[in-house]
Amino acid sequence: MSSVGLSRVDHPRPHPHPHPHQHPRAESDDDSDSRDEDEDEDEGWSDAAEEDIDNDEEETPEVISLLDDRVFPDVVSMLLHCRERHGFDFLGVRQRLQLDFHGCVQLVNFIRQRVHEGLPVTEDISWPDINHDQYLKPVLDDDAVILGLFDLPEVKPAGVAVSQGGDNAVIVEDLLKRNSELQGELTRVKARFDNYRVAVQKTLDERWGDVDPAEQPAESATKVRGKQNEAEKEEDESKYYWESYAGADIHEEMLKDTVRTDAYRDFIYNNKHLFAGKTVLDIGCGTGILSMFCARAGASRVFAVDASAIISKAQENVFHNGLSSVITCVSGRIEDVVLPVDEVDVIVSEWMGYCLLFEAMLPSVLWARNRYLKPGGLLVPSHANLWLAPVADPQYVADNVTFWRDVYGFDMRSMQAGIYDDARVLRWSSSTQNENSSDGSEGDDDGIAGSPIAFKLLDLYQTTTEDLSFTAPFASSIARDVDALDGFLIWFDIFFSPSLRGSSGSTNTAISLTSAAGPWACADPQNRVAFTTGPHGAPTHWKQGLLLAKPERGPKEPAGGRSKPGPETTDAADKEKPTTTALKKGYQVKGDITFSVPEDHARGLSVKVSWNDKREQTWALR
């Protein structure tokens, strides 16, 4: 073991350089009082604010060496100096003693106390030497080394063999690389802070009238540069979207959706070999749960990206779970941020919205796939398909539509206006469901009137943004006699395939348009995971989308059945009575379904269905 014999080094307590989170007192109380009397209140406040900003900018944390009085900009450089100059390998001692964070704090303070007393420091330190409460108290006030412990890599388990020289060299090399990345990030943060300071000063100048009116047009012209030019031209339509994900309630709902969260966890943990040592990109990370799953599965690096303010909570969650050395949280849209890597091995994202494509998050995932996913990389999830089924539930119509015609004896038909225009998101539980049904399958009196039909498959390795606006055919056989077709129900299935994307672009999976989540996953339960959001599966927060059909109007020939009067609509100008067409078992409801993005709502969804006898209707999901 090497030893370090040093002359006494008295570390100042406190160090004359202030801690970066402390503001040094710039002047005495008397001076401050005098200044208040000489300057007006507004100028004093403005000058003080500017001075605080300057102090914050100029102060940088200084890391004092454990073994001499050298000062370094970061802990990594300091530890490398101690190893090369003094022959003391801090990381090696930490690894040998299997120290956690508190143990590292004790080790740091033990070393500083020895150096303070002029005693030698050797690598043969034992746990009993440092396991004392006195070493939990910092020897050096505001010791930046202790703060920097969070940047060190995790300790390897005791059973893992660690070579004395080579492995530590790799660790140091990784640390230096990580340090370089952090320095780059710090530079970017400082640049943003400079912009923020300029904006604050400009706001103050404008508020107190310090801007020359003649200068204002020129200043306005300088605003539109680079990417800001785009932002100035039109308001971001997605602002409300990011804001809606800033609070805790929506994330609590999603985390408590065990169908959703368990599926991601099970796929990641059951396929750890696909994540071990890999670089992972988590798009729309939210609370960071998927990123933490990946880190626990052995990922070497995870970039968690989110444009919502929830990213700050994700960063805290990562820190509290000891995963800061693996997970880097990045604030912003994936299209706008710049990752410190050229490619990633895995992209994981929970991008699905109501009726699958509402909120339009999938295009961001596809953009990241094209930009960052390496050849042979993995997408989690990998596939999705959309399903449709005709529904017939006269009791639901009575409770939600014709209800307004007699509300405690009053006609409130005005409340029916637009009732057929919007898609409804709900958990389908038919009012007429037969409680004695043996298996709840389609065809029983559960409101599902016909066979479910898959009408769109998305292979995320191949899908383009243009593919998300489409028209697809469908045909469903009526499973029982019904008095009327009341509308259609839409849901989706999600598939997690462990098959990596091949170099040629094929996914080599057995997922087809008509694949159903349950049977597909059961074919290989150890590796495959899938779930459905359909009415016969476990409930999810996505529920289903109900497209409520307008009643037919005027006399009409029966379609495999009979015609009879139906509930009136709100159109007073239409003098024809609405009618309903009874459908017989075996009758085919067929037509086309179209998904598109409304021109006035970039994150909305428009669904149009045309079916038998030239009936056509469009629903909006906003």
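All values reported here derive from a predicted model rather than from experimental measurement.

J.: Tell me about the nonpolar core, and please be specific about residues and values.
T.: Residues Phe275 and Leu281 are the most contacted members of the largest nonpolar core, which totals 92 residues. The leading source of residues in this core is helix H14 (residues 289–296), at 6 residues. With residues up to four places along the chain from it excluded, the contact list for Phe275 reads Phe267, Ile268, Val280, Cys294, Ala297, Gly298, Ala299, Val346, Leu378 and Val380. Judged by nonpolar contacts, the second largest core, of 30 residues, contains Phe110, Ile111, Val121 and Leu152.

J.: Before we move on, could you go through the pattern of salt bridges and cite the residues and values that matter?
T.: For the structure on display, the rule yields 12 salt bridges. The salt bridge involving Asp266 is made with Arg265; its shortest N-O contact spans 2.9 Å. We note a salt bridge from Lys374 to Asp345, for which the minimum N-O separation is 3.0 Å. Of this pair, Lys374 sits in strand E9 (residues 373–380) while Asp345 sits in strand E8 (residues 344–349), placing them 29 residues apart in sequence. Residue Lys374 is classed as partly exposed on the basis of its relative accessible area of 27%. When salt bridges with common partners are traced through the structure, they connect Asp262, Arg265 and Asp266 into a single cluster.

J.: Mind laying out the sheet that holds strand E22 (residues 615–621), listing which residues take part and the relevant values?
T.: With respect to topology, 4 strands assemble into an open sheet ordered E13-E20-E21-E22, the strand pairing being antiparallel. The sheet terminates laterally at strand E13 (470–477) and E22, the two strands that pair on one side only. Within this sheet the neighbouring strands show an average axis-to-axis angle of 20°, counted without direction. Looking at chain direction, strand E20 (residues 588–596) and strand E21 (residues 605–611) are connected through 6 bridges and run antiparallel. Residue pairing in the sheet places Ser596 in a bridge with Ser606 of E21.

J.: Residue-level account of the packing of helix H13 (residues 258–270) against H14, with values.
T.: In contact at an axis separation of 9 Å, H13 and H14 are set at 20° when each is read in the N-to-C sense. Considering the angle they form, H13 stands roughly parallel to H14. Where H13 crosses over H14, the handedness of that crossing is right-handed. On H14, the residues touching Thr261, Tyr264, Arg265, Ile268 and Tyr269 of H13 are Ile289, Leu290, Phe293, Cys294 and Arg296. Class assignment for the residues of the contact of H13 with H14 results in 7 nonpolar, 1 polar and 2 charged.

J.: Account for the sheet that holds E9, with residues named and values stated.
T.: On the basis of which strands lie adjacent, the open sheet formed by 5 strands has the order E7-E6-E5-E8-E9 and parallel pairing. Each edge of the sheet is formed by a strand with only one pairing partner; in this case those strands are strand E7 (327–331) and E9. Strand-to-strand twist of the sheet, defined as the mean angle between neighbouring strand axes without regard to direction, takes the value 20°. As defined by bridge partners, strand E5 (residues 279–283) adjoins strand E6 (residues 301–306) across 5 bridges and the pair is classed as parallel. Residue pairing for E6: Val280 is matched across the bridge by Val302. Strands in contact with helix H16 (residues 362–372) are E5, E8 and E9; relative to E9, the strand with the most contacts, it is inclined by about 150°.

Reading the values: the criteria
Residues numbered from 1 in each chain as written. Predicted model: local features only at pLDDT ≥ 70, side-chain atom pairs only at ≥ 80, totals over all residues. Heavy atoms only, no water. Core = buried A, V, L, I, M, F, W, Y, C linked by side-chain atoms within 4.5 Å. Buried < 20%, exposed > 50% of the residue type's maximum accessible area, 1.4 Å probe, protein only. Helix = DSSP H or I, 4+ residues; strand = E, 2+ residues; numbered from the N terminus. Contact = heavy atoms within 4.5 Å. Salt bridge = Lys/Arg side-chain N within 4 Å of Asp/Glu carboxyl O. Pairing = 2+ DSSP bridges. Axes fitted to C-alpha atoms, helices over the stretch in contact; angles between N-to-C directions. Parallel < 35°, antiparallel > 145°, perpendicular 65-115°, else oblique. Left-handed = near helix turned anticlockwise from the far one by under 90°. Nonpolar A, V, L, I, M, F, W, Y, C, P; charged D, E, K, R; others polar.

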